[in-house]
Amino acid sequence: MTAKAGTPGAAHRPAHWVRTRLRADPGTALLTAALAFVTVLLSVAVPRVTDRGADAALRDYVHRQGIHATSLHFSSKARPSDTAADLDAVDRQLVERVGGKLALSPAGLAHGSVTDSVPMFNPGYRRVSDSAPPRLSLAHLAGLADRVTLTEGSRPGPATAGAPLPVMVSRTAAELVGIKVGDVVDSGSTGPDSRRTAVVTGLFRVNDPLDPFWTGLGCPDRPCLNIDLEHGNWLGATGFVDGDSLAGLTGWGTSVQNFWRVAVDPAPLRADRLERTRADVLPLVSGPGVAALADATGRADLRSVSTLPVILDRAAERYRAAMALSAIGPAGVAGVAVVVLCLAAALGIDRRAAELGLLRARGGSRGGVLLRLLGEGAVTVLPAAALGAVLALVLLPTPRWGLAVAAGLGTTLLALLALPARAALLWDRPRPTGRGRRVVGELALLAVTAVAVAEVRRRGVGHSGRGVDPLLVAAPLLLAVAGGLLLARIEPVATGRLAALVGRGRGLIGFLGLARAARDGSGRRRPSALPLLALLIAVTATGFGATLLASVDHGRLHAGRVATGGDIAVSVPDYATLPDPFLKAVGGLPGARSATAVRVDQRARFVGAGPNDYTKVTLVVAEPTAYAAIARTLGAGAFDPAKLAGTPGGPDTPVPALFSRDLAARLAAGAPTLHLSTASELRTTVAGIVTATPALPEPEQPFVVVPSGPAVERLPELGRWTGWLAVGDGLDPGRIRSLLLERGLVEPTGLDKLIADEAAAAGRGSHGLPPAYRVGSSREYAAQLADDPLQQAAGRLFWYAAPASAGFAVLAVLLTLLRAAPDRTAVLARLRTMGLRPRQGLALIIAEALPRTLAASAGGAGVAVLAAVLLGPAFDLSTLVGAGTGGSLDPAPLPVLLPTAGLTLVACLGVVLETLVAGRRQIATELRAGES
């Protein structure tokens, strides 16, 4: 029967178990919820951070390639009947069809018609060389009127039959070539009785030369200087016609091409959809897709060219290589988090062992008790986990959520099931084969670790084109786990031996603390391996990540030195020479360990017996001692300077020289004669063979290095220095640039001035220096390499992983102290009644907790160094370095010791803080509590 309201039966209904249990211990419930919140937040946030970094890196990489490289370029032969409206219609068709698959950039869209260039034979027009008159190409650009401003004359109108074709050119080109408004440009004959002519109706200036619209369209705002060693150098200009004059372009030059540039917008690109994007681009470049476009536009000869598929392939390779390296840090955090969750569950079950045993003794079934524990976890873990997951999803928006949600669900299940699983293991009956199973499990883990290390060394990590391999990425974590298990067997024995040694002395505190540490502080003979394992994994992951990042920084600096030719490299154009005042000024700068002036002649050659039997080489003239020191510092072509010690002599006396390997194999025996660009000759003899040299970090052709003293003695013109190299830590590139501006500039003349002016107009100067004047710095180069979002995203994951691992490790230490807190507090209370002073109590707890912390820190540092030694040769850091000379992982003690010392200090401070809090408990309360 159901009791009525107000009856005694209704007043004595049993309270809900979960509610009663949580009210009884709200502190534990809050700590469990906080732990679940933090772990789920991190597990969801890491994939989101990775995705955001990968997307940003992809978009930046594609954007840096420029609109011309990332656009689809369509072309077809012009028809005599083509009009501007016809070209516009084709452009709309292409934009519509390509835009259906790819996002487009309106600023980069361009189309029109262009001819090849023809000579301008007008008298008075400037010729760079006598045999090559200036040349003019004609073009029509849609939307040109909105991007230029007429400065003189009028815009060209429609062409009239039999009259010259109206065109307009840029004012800069007209002034340099000598074109004036009203000039009739005579471009030669196309037949026996006809001539190609154009009349200049106006001059214009480009509103914004940096507008993406002009990318890849030649040099419409200035003359183009074309270097042609065979037919002579010539200036080129572009004349623009009206849209109604397209028919007049036919016959100008040898061909007329219609073109359409469809620019792809990199902003919507996603790293996880690279393959799909590439699959959308490829049909638009070749194959049936281009044929379909040709049918749709009515242009049967439509062709498509684009480097975008190659760029996407490179981006995918970079992404896969970087993700394989950056996943190592989060893997370490995941390992520490799993250990901490298991440790928290073990702590909770151990403290409630008597309660759970009482429930079983009073008739509670195993399944019923486990369900009640699961209910407790659901009330505390699920809301906190949901809050952490939602917070990560909201604060780190990204289109991808699958991996993040899966990681959050896995972490939530682990936090939810850890407590019931620990209770179930506690109730298992002890089996006689239990110790054997532990040994078998540890041996199996060691075997898996050995296999992972062997696979890493065989296949490598971080190579282009390889993605994230869980086994290879987990290799450092597996080494840490294996090291932790070995240390868990060694540390109690070593601590017990140390306690025995300390016990022979007169002090009691050290012996008692070490003895309790050897017995886990709570009476167990075999301490739990989880606290030590958590701290060791954290130290290993942090130390290994620090080693990797330090190797990346070192690799960037090395790549910068190799690319620069030293820590500082000064180079000037061929027409200039570094004057003595400048060389004296930079030679007196502090911080330079080795420095030398050099001369580089890239047009030297060795001439054979036949008329076409010659070998182009690059000649380097330098002072041997300083140059050898620079080569040793760079690791590029180190040699003994004594080999280049020359003897005085006349022009026929050979000069000792270093030859590149391929050049030495090509030359015949004897003293080869070097023919210089100045028409002089220099006899040389092979004094050594090197594969590289500082002045030519990436030589495109064979090279020869000769000592400056003997070479200048025989040919004084070799003393015209065109460069300066130095290595040293204190060299300031800004100061050297200032000295170069003050004492090292030479005004160009003739063709050199045209080249310099053209380079200046194209914006190729830097740091206030004229074009072709360069001061390179290895540190500035390294900073440019580091300015890569992909590298920065990978590095951020390591830096995020370090504090996360440290936090979990400190939490593991605190949980260990809390696990033994009741027994330790009772011992302290009884010892206080025997005269133990508060400072001695603090020393006792530190002596109990410190051995394991120090052992784990030392073991983690050792495993981190061991991991760098074992796995280092297999790591390719080129992707993170940003250069092919990035090298591999180099073990170094300092990157490991610094984070290890910091983590140990934080853990020890946590121990002291917990001890001070525990010491405030009332002794009388502990004494009344009695023993367990």
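Predicted model, so just to flag it, every value in this text is computed and none were measured.

**Student:** Would you mind going over the overall build of the chain with me for this structure?
**Tutor:** Regarding its fold elements, the chain presents 30 helices and 21 strands. By sequence separation, contacts in the chain at least 24 residues apart represent 82% of the contacts at least 6 residues apart. When the accessible area of the chain is evaluated, it comes to approximately 43,600 Å², of which 59% is carbon and sulfur surface.

**Student:** Sorry, what's going on with a nonpolar patch on the surface here?
**Tutor:** Taken together, the side chains of Val-439, Leu-443, Leu-446, Leu-486 and Ile-490 present a nonpolar region at the surface, about 420 Å² in accessible area. Going through the elements one at a time, helix 13 (434-459) and helix 15 (475-503) are the ones with two or more residues in the nonpolar patch. With 3 residues, helix 13 is the largest single contributor of residues to the nonpolar patch. Assignment of secondary structure puts Ile-490 in helix 15. Taking relative accessible area as the criterion, Ile-490 reaches 51% and is therefore assigned exposed.

**Student:** Looking at this structure, how should I read the packing of helix 17 (residues 530-564) against helix 27 (residues 838-871)?
**Tutor:** Between two packed helices, what matters for the description is the angle formed by their axes and the separation of those axes. Put simply, helix 17 and helix 27 touch, their axes get as near as 7 Å, and they point 40° apart. Taken as axis vectors, helix 17 and helix 27 run oblique relative to one another. Where helix 17 crosses over helix 27, the handedness of that crossing is right-handed. Residues Pro-531, Leu-532, Leu-535, Leu-536, Val-539, Thr-540, Gly-543, Phe-544 and Thr-547 of helix 17 form the contact with helix 27, whose own contacting residues are Arg-852, Thr-853, Ala-856, Ser-857, Gly-859, Gly-860, Ala-861, Val-863, Ala-864, Ala-867, Ala-868 and Leu-871. Each residue belonging to the contact of helix 17 with helix 27 can be placed in one class, and the counts come to 13 nonpolar, 7 polar and 1 charged.

**Student:** Explain the pairing of strand 2 (residues 110-115) here, please?
**Tutor:** On a regular strand, each side chain points to the face opposite its neighbour's, so the side chains alternate between the two faces of the sheet. Most of strand 2 is tucked away, with 5 of its 6 residues classed as buried. Both strand 2 and strand 4 (residues 135-141) contribute to a ladder of 3 bridges, which runs antiparallel. Its bridge partner lying in strand 4, Val-114 is registered against Ala-139.

**Student:** Would you mind showing me how to read the packing of aromatic side chains here?
**Tutor:** Each pair of aromatic rings is reported with the distance of its centres and the angle of its planes. If you walk through the whole model with that rule in mind, you get 5 aromatic pairs. Considering the side-chain rings of Phe-544 and Phe-875, the 5.8 Å spacing of their centres and the 65° angle between planes classify their relative orientation as edge-to-face. Of this pair, Phe-544 sits in helix 17 while Phe-875 sits in the loop between helix 27 and helix 28 (878-881), and the two are 331 residues apart along the sequence. Relative accessible area serves as the criterion here: at 2%, Phe-875 is assigned to the buried category.

**Student:** Would you mind showing me how to read the pattern of salt bridges here?
**Tutor:** Any two side chains of opposite charge can pair if their charged atoms end up close together. Scanning all chains against the criterion turns up 19 salt bridges. In this structure, the salt-bridge partner of Arg-171 is Glu-175, at a minimum N-O distance of 3.6 Å. Residue Arg-171 and its partner Glu-175 are both found in helix 5 (residues 171-177); the two are separated by 4 residues, about one turn of the helix. The partly exposed category is assigned to Arg-171, whose relative accessible area is 27%. Judged by relative accessible area, Glu-175 falls into the exposed class, the value being 55%. Residue Arg-489 is joined to Glu-442 by a salt bridge in which the shortest nitrogen-to-oxygen separation is 2.8 Å. Taken as a pair, Arg-489 in helix 15 and Glu-442 in helix 13 lie far apart in primary sequence, 47 residues in all. Overall, the relative accessible area of 37% leaves Arg-489 in the partly exposed class. On the accessibility criterion, Glu-442 (13% relative accessible area) is buried.

**Student:** Mind showing me how you'd approach the pairing of strand 19 (residues 703-707) here?
**Tutor:** Burial analysis of strand 19 places 5 of its 5 residues in the buried class, which makes it a mostly covered element. Here strand 19 shows a buried face lined by Phe-703, Val-705 and Pro-707 and a second buried face lined by Val-704 and Val-706. Relative to strand 19, strand 16 (residues 655-660) runs antiparallel, the two sharing 2 bridges. The residue bridging Leu-658 from the neighbouring strand is Val-705, located in strand 19.

**Student:** So what exactly am I meant to see when it comes to the side chain of Arg-270 here?
**Tutor:** Note that Arg-270 resides in the loop between strand 11 (256-263) and helix 6 (274-285). The exposure class assigned to Arg-270 is buried, which follows from its relative accessible area of 13%. A distance of 3.0 Å separates polar atoms of two side chains, one belonging to Arg-270 and the other to Asp-272. Beyond its immediate stretch of four places on either side in the chain, Arg-270 contacts Asp-55, Leu-58, Arg-59, Pro-399 and Arg-400.

**Student:** Honestly, the nonpolar core in this entry has me stumped. Any pointers?
**Tutor:** In terms of nonpolar packing, the biggest core is built from 75 residues, with Val-340, Val-456, Phe-544, Leu-548, Leu-871 and Phe-875 touching the most fellow members. Of all the elements, helix 17 adds the most residues to this core, at 13 residues. Setting aside residues up to four positions removed in sequence, Val-456 forms contacts with Val-461, Leu-472, Ala-475, Leu-871, Ala-874 and Phe-875. Among the nonpolar cores identified, the runner-up in size contains 53 residues, and Val-62, Met-120, Val-167 and Ala-315 belong to it.

**Student:** Can you walk me through helix 9 (residues 328-351) in this structure?
**Tutor:** Every α-helix winds through 3.6 residues per turn, so residues three or four apart in the chain are directed the same way. Between its first and last C-alpha atoms helix 9 spans 35 Å; for 24 residues at 1.5 Å apiece the expected length is 34 Å, and the two agree. Summarising burial for helix 9: 18 of the 24 residues are buried, a large majority.

**Student:** It is not clear to me how the environment of Ala-883 should be interpreted in this structure. Could you clarify?
**Tutor:** Position of Ala-883 among the secondary structure elements: in the loop between helix 28 and helix 29 (893-919). Residue Ala-883 is classed as buried on the basis of its relative accessible area, which comes to 13%. With sequence-adjacent residues up to four places away left out, Ala-883 is seen in contact with Ala-559, Leu-785 and Ser-878.

**Student:** Before we go on, may I ask you to explain the packing of helix 3 (residues 26-64) against helix 25 (residues 789-819) in this structure?
**Tutor:** Contact pair helix 3 / helix 25: the axes reach a minimum separation of 8 Å and the direction vectors enclose 170°. By the criterion of interaxial angle, the relationship of helix 3 to helix 25 is roughly antiparallel. In contact with Leu-35, Val-38, Thr-39, Leu-42, Val-49, Thr-50, Gly-53, Ala-56, Ala-57, Asp-60 and Arg-64 of helix 3, helix 25 contributes Pro-789, Leu-790, Ala-793, Leu-797, Tyr-800, Ala-804, Phe-808 and Leu-811. For the contact of helix 3 with helix 25, the per-class residue count stands at 14 nonpolar, 3 polar and 2 charged.

**Student:** Please explain the environment of Gly-364 as it appears in this structure.
**Tutor:** Looking at where Gly-364 falls in the secondary structure, it is placed in the loop between helix 10 (353-361) and helix 11 (366-395). Overall, the relative accessible area of 25% leaves Gly-364 in the partly exposed class. In contact with Gly-364, other than residues within four places in its own chain, are Leu-359 and Val-369.

**Student:** Quick question: what am I supposed to make of the confidence of the model for the chain here?
**Tutor:** For any part of a model where pLDDT is low, the fine detail of the predicted coordinates should not be relied upon. On average, residues of the chain score 82 in pLDDT, and 88% of them are at 70 or above. The lowest-confidence element of the chain is helix 1 (residues 8-11), averaging 49 in pLDDT; the highest-confidence one is strand 1 (residues 71-77), averaging 94. Below pLDDT 50 for its whole length, residues 1-10 participates in 3 contacts with residues either more than four positions away or in separate chains.

**Student:** Got a minute to help me understand the side chain of Asp-601 in this structure?
**Tutor:** Of note, Asp-601 is situated in strand 14 (residues 594-607). Buried charge without a salt bridge: Asp-601, with Arg-603 as the nearest opposite-charge side chain at an N-O distance of 4.7 Å. A distance of 3.0 Å separates a polar atom in the side chain of Asp-601 from the backbone nitrogen of Arg-603. Beyond its immediate stretch of four places on either side in the chain, Asp-601 contacts Val-617, Thr-618, Leu-619, Leu-676 and Ser-677.

**Student:** In this structure, what is going on with the environment of Val-706? I would like to understand it.
**Tutor:** Tracing the backbone shows Val-706 in strand 19. For Val-706, a relative accessible area of 0% corresponds to the buried category. Sequence spacing of Val-706 and Thr-684 is 22 residues, and the spatial spacing of their C-alpha atoms is 8.3 Å.

The rules behind the values
Residues numbered from 1 in each chain as written. Predicted model: local features only at pLDDT ≥ 70, side-chain atom pairs only at ≥ 80, totals over all residues. Heavy atoms only, no water. Helix = DSSP H or I, 4+ residues; strand = E, 2+ residues; numbered from the N terminus. Contact = heavy atoms within 4.5 Å. Areas by Shrake-Rupley, 256 points an atom, 1.4 Å probe, with all protein chains shown as cover. Patch = residues over 30% accessible without salt bridge, like charges linked within 9 Å, V, L, I, M, F, W, Y side chains within 5 Å. Salt bridge = Lys/Arg side-chain N within 4 Å of Asp/Glu carboxyl O. Buried < 20%, exposed > 50% of the residue type's maximum accessible area, 1.4 Å probe, protein only. Axes fitted to C-alpha atoms, helices over the stretch in contact; angles between N-to-C directions. Parallel < 35°, antiparallel > 145°, perpendicular 65-115°, else oblique. Left-handed = near helix turned anticlockwise from the far one by under 90°. Nonpolar A, V, L, I, M, F, W, Y, C, P; charged D, E, K, R; others polar. Pairing = 2+ DSSP bridges. Phe/Tyr/Trp six-rings, centres within 6.5 Å; stacked < 30°, edge-to-face > 60°. Polar contact = N/O pair within 3.5 Å; in protein donor to acceptor, adjacent residues only side chain to side chain. Core = buried A, V, L, I, M, F, W, Y, C linked by side-chain atoms within 4.5 Å. Expected span 1.5 Å × (residues − 1). pLDDT = per-residue confidence, 0-100. Lys, Arg positive; Asp, Glu negative; His and termini not counted.

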